[in-house]
Every structure is written in structure tokens, then in C-alpha cells.
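Residue-level listing of the chains:
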Amino acid sequence: MTSLPFVLRRLGHSLLVIALTYVFVYAVLFFLPGDPVASRINNPQNPIPADQAGAILEYYNLDKASIEQFWISVTRLFSGDLGYSLATGRPVADLIQQGLGDTVALAAVALLFTIVLALGVALGAVFAPFAPLRKLFAVLPVLALSTPGFLIGLLLLQVFAYQLGWFSSIRDEGVKSLLLPAITLAVGVNAPIAQVLIQGLRKAYGEPFVTVLRAQGVPEYRIITGHVIKNGSIPAVTLLGLTIGDLLAGSVIAEAIFSRAGLGFVTEQAVRAQDGPVVQAIVMIVAIVFTLVNLVTDLVYPLIDPRIRTAPKPVAVTVAPTQKAAVS
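Keep in mind that this is a model prediction, so the values were computed, not measured. (Residues numbered from 1 in each chain as written. Predicted model: local features only at pLDDT ≥ 70, side-chain atom pairs only at ≥ 80, totals over all residues. Heavy atoms only, no water.)

## A look at the overall build of the chain
Here is the rule we go by: Runs of H or I in DSSP of at least four residues are treated as helices and runs of E of at least two as strands, each being numbered from the N terminus. It only takes one pair of heavy atoms within 4.5 Å for two residues to be counted as in contact. Here, Shrake-Rupley sampling with a 1.4 Å probe gives the accessible areas, and only protein chains in the shown set may cover a residue.
For the chain, the helix and strand inventory stands at 13 helices and zero strands. Listed N to C, the secondary structure of the chain is α-α-α-α-α-α-α-α-α-α-α-α-α in terms of helices and strands. The long-range share in the chain, meaning contacts at least 24 apart out of those at least 6 apart in sequence, stands at 71%. For the chain, the computed accessible surface area is about 19,400 Å², with 67% contributed by carbon and sulfur atoms.

Here you go:
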């Protein structure tokens, strides 16, 4: 099992990352020139009533020192108060809750497609019966990496929604509406995982235990599915954890292309309106999810590969100097 010091050390690192991220985001949005709250109040193109401006000034404590503003925001954060949108006046928590469900569903389906695509491409690149076919599968991740995500989304939308009519580009069709944006996310995200899987499967397939299993009469498909995939996919576990952050970040493009009102759509609207509190909250949510996924990955990795477990520190041994024998 994973040792307690290892868990505590990883947990401490995760909390430190989250805290530093909050400080950095707050400093960029509120300490540097171009304060979004002050810009919203003083915007001549979109003026707000004096009473509303006074309420914003009072809530965000703009008449106080920057450090005091930061401390007040931290105390509110621990109480679950994310502030209010400068564009709509609604609580930021309500806006995030409104779009979070759609984004989580999209990311979950995209993650499933990512695993299936990466594993399928890797198996084809290593175990396809013909060399040209193996080379073709090996090239697919490179093509996916070099193709912009918005282009993939537009192509899928053009072919399957406009030409074939299999999907609607406007109506909400439940799970069916998730397929095209999920594939858009998965195509780009699965490429690095597929490349790592290809290398891992090739290495595992050349290990001596494969020869031993063949000598014992184990069928080839059992060797591949029961041993090679298990050992060869270990390096991809960490990369799969990092994929969660990529899926959340990529949802902005996918939801904009497919007109989905998820967290990506909320982010786009907040950036357009220079809605600092909403942008800050969304960045922190992504950072927290990203950090927690990495924490879980770090804790699970030693269970998958026992070689990664923390070894006991060597004990230093002090050797007393020997006295020279007197020579008479």
C-alpha cells in the first residue's frame, strides 16, 4: 500500500499548487493595472446606475488596500462565496452551477472516447498483421496533433449534421448531442496517450515474459490482452490524468462550435464581458480539478506499478576510525 508520508507529501503539494494558483489569478485580475471591477464601473459604453456601482464598490472593498481586499476574498472563498458577476449581477456560483453539469457530461464522454481511440490506435500500430497498416496507425496520432481542434469540430459538424443530417446542430438531443463535441475533444487529446501507449506496448511485447508465456502454450491473444496491455499501459496512466485538464480547457472551443451552454460557453461570455469574478472562479475550478486528478493519479500509480513505491531511506552508518597500531 501507499505509505502515509507519501500521501501527505502529495496532498501538501496539491494544496500548495491550489493556493499559489489562487494568488496568481487574483493578482493578475485585481492587482495589476486594468482592474475588471473598476473597468466595469467606469465603462462609458455600458454605464451602470449609481446605486449599483456603489454596491459593487462596497462588496469588493475597492476603497481598501489591495492586501485587505485579497484577505476578504479568501475568507469569502472559504464560506463558499464566489462573488457576483459584473455583467449580469447574478452570483458566480449560480452561473457555474448552470454550466458545470453539461461540461462534466461532455468531458466524461470525451474521456471515454479518448481511452477507446488511444487504445485502438496503439493496438493497431503494434499488432496489426501488415507492416503498412501498422505504419498507418502509428501516423494517426501525429495527424491528430497537427490538426486544430476547431477544424475537426467544423468538419464533423459539416459532414454529420449538415450533409448527412444524423445530428442536429441546434436542438438538444440528449446523449446524442454529446457525441460530436466529445469526438472533437477526444481526437486531439488522445494523440499523446496513443503515442505513449505505442511505445509501452512495443516495449512490453519484447520483454522475456512474453517468450516464457508462449513456451507455456498461452494463446497469443491472452498474452496481449492479459499481460502486454497491462504492463505496457502503465506509463499512459499519468498522461491520462493530465488529459482531464485538457478536456476542460478544450470544452471552450467545442461548446462554442456546437452551441452548447456549458462551462466553456460561460467562460467565453465572461472573457468577452471582462467579467473578472467569473473568470477567476472558472480558472480556479479547472485548477482544482486538474490538481485533484493529478493527486489521485500519483496515489494510484504505486498500486499499479509496485516499482514506484517509496523505498525506505538508507540509514547512514558512522564508522569509527581505526587506530594505528604502535610499531615498536
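## Structural notes on the packing of aromatic side chains
When we look at a pair of aromatic rings, we describe it by the centre distance and by the angle of the planes. Basically, it comes down to this: Note on ring pairs: Phe, Tyr and Trp rings are taken, using the six-membered ring of Trp, and paired if centres are within 6.5 Å. Classes follow the plane angle, with under 30 degrees stacked, over 60 edge-to-face and the rest tilted.
Using the criterion set out here, one finds four aromatic pairs in the structure. When the ring of Phe127 is compared with that of Tyr205, the centres are 4.9 Å apart and the planes differ by 85°; the resulting orientation is edge-to-face. With a gap of 78 residues between them, Phe127 in helix α5 (residues 92-127) and Tyr205 in helix α8 (residues 176-205) connect regions that are remote in the sequence. Here the aromatic cluster, defined as three or more aromatic residues joined through ring pairs, consists of Tyr22, Tyr26 and Phe70.

## Remarks on the layout of surface pockets
Quick reminder of the rule: A cavity here means a set of points on a 1 Å grid, drawn over the protein atoms and nothing else, where a 1.4 Å probe fits but cannot get out; a pocket is an open set with protein on both sides within 12 Å along at least five of seven lines, and a residue lines either one if it has an atom within 4 Å of a point. Grid points are joined across faces, edges and corners, and a volume is the space filled by probe spheres set on the points. Asp, Glu, Lys and Arg are counted as charged, while Ala, Val, Leu, Ile, Met, Phe, Trp, Tyr, Cys and Pro are counted as nonpolar; the rest, among them Gly, fall into the polar class. As used throughout, domain bounds are those supplied by an automatic or database domain assignment.
Quantified by volume, the largest pocket comes out at close to 360 Å³. Lining the largest pocket are 21 residues, and of these Tyr22, Ser73, Asp81, Leu82 and Gln280 lie nearest its centre. Tallied by class, the residues present in the lining of the largest pocket amount to 14 nonpolar, five polar and two charged. Each of two domains, domain 1 (4-78) and domain 2 (92-316), supplies a minimum of three residues to the lining of the largest pocket.

## So, helix α4 (residues 66-78)
Quick note on the threshold: Every helix has an expected span of 1.5 Å times one less than the residues it contains. We call a residue buried when its accessible area falls under 20% of the maximum for its residue type, exposed when it is over 50%, and partly exposed in between, using a 1.4 Å probe and counting protein chains only.
For α4, built from 13 residues, the straight-helix expectation of 18 Å at 1.5 Å per residue is met to within 8% by its first-to-last C-alpha distance of 19 Å. Taken together, the buried positions of α4 are occupied by Gln69, Ile72, Ser73 and Val74.

## Here's the deal with the pattern of salt bridges
What counts, and what does not: For this document, the term salt bridge refers to a Lys or Arg side-chain nitrogen within 4 Å of an Asp or Glu carboxyl oxygen.
Tallying each qualifying case throughout the model produces one salt bridge. The closest approach of N and O atoms between Arg214 and Glu220, which form a salt bridge, is 3.1 Å. Given a relative accessible area of 30%, Glu220 falls into the partly exposed group.

## Describing the packing of α8 against helix α11 (residues 234-257)
This is how it is decided: For helices, the axis comes from a line fit to the C-alpha atoms of the stretch in contact; other axes are also lines fit to C-alpha atoms, and the angle between any two N-to-C directions lies between 0 and 180 degrees. Comment on the angle field: the value is read as roughly parallel under 35 degrees, roughly antiparallel over 145, roughly perpendicular from 65 to 115, and oblique elsewhere. The crossing is said to be left-handed when, going from far helix to near helix, the turn is anticlockwise and less than a right angle, and right-handed when the turn is clockwise.
Put simply, α8 and α11 touch, their axes get as near as 9 Å, and they point 155° apart. Taken together, the axis directions place α8 and α11 in an arrangement best described as roughly antiparallel. As α8 packs across α11, the resulting crossing turns out to be right-handed. Of the residues in α11, those touching α8 at Pro181, Leu185, Val189, Pro192, Ile193, Val196 and Leu197 are Pro235, Ala236, Leu239, Leu240, Thr243, Asp246, Leu247, Gly250, Ser251 and Ala254. Counted by class, the contact of α8 with α11 contains 13 nonpolar, three polar and one charged residues.

## As for a nonpolar patch on the surface
Going by this rule: Patch membership needs two things, relative accessible area over 30% and no salt bridge, and members are linked within 9 Å if like-charged or within 5 Å if nonpolar (Val, Leu, Ile, Met, Phe, Trp, Tyr).
On the surface, Phe130, Leu133, Leu136, Val139, Leu140, Val142 and Leu143 cluster together into a nonpolar patch covering about 610 Å² of accessible area. Secondary-structure assignment places Val139 in helix α6 (residues 131-146). Of the residues examined, Val139 reaches a relative accessible area of 41% and is grouped as partly exposed.

## Side note on the UniProt feature "transmembrane region" (unreviewed entry) in the chain
Basically, it comes down to this: UniProt positions are given in the numbering used here, feature names are shortened, and annotations may be inferred rather than shown by experiment.
With numbering aligned to this structure, UniProt lists the feature "transmembrane region" (unreviewed entry) at residues 12-32, 104-130, 137-158, 178-198, 237-258 and 278-304. Helix and strand shares over residues 137-158 are 91% and 0% respectively, and the end C-alpha atoms of the span are 25 Å apart. When the span residues 237-258 is considered, its composition is 95% helix and 0% strand, and the gap between its end C-alpha atoms is 30 Å.

## Quick word on the nonpolar core
Here is the rule: Nonpolar cores were defined as sets of buried Ala, Val, Leu, Ile, Met, Phe, Trp, Tyr and Cys residues, with membership established by side-chain atoms within 4.5 Å.
Counting residues in each nonpolar core, the largest one holds 18 residues, and the members touching the most others are Leu197, Leu201 and Val228. Looking at this core, the elements with two or more residues in it are α5, α8, α9 (208-215) and α10 (220-232). With six residues, α8 is the largest single contributor of residues to this core.

## Some details on the packing of α8 against α10
Look at α8 against α10: their axes get within 9 Å of each other, and the N-to-C directions meet at 120°. Classified by the angle their axes make, α8 and α10 are oblique. For the element pair α8 and α10, the recorded crossing hand is right-handed. Here Leu197, Gly200, Leu201, Ala204 and Tyr205 of α8 come into contact with α10, specifically with Glu220, Ile224, Val228, Ile229, Asn231 and Gly232.

## A few points about the side chain of Thr291
Positionally, Thr291 belongs in helix α13 (residues 276-304). Taking the relative accessible area as the measure of exposure, Thr291 reaches 8% and is therefore buried. Thr291 has contacts with Ser14, Val17 and Ile18, leaving out every residue within four places of it along the chain.

## Some thoughts on the environment of Val109
Within the fold, Val109 resides in helix α5. Along the primary structure Val109 and Val175 are separated by 66 residues, whereas in three dimensions their C-alpha atoms are 9.2 Å apart. Apart from residues no more than four positions distant in its own chain, Val109 is found in contact with Leu178 and Ala182.

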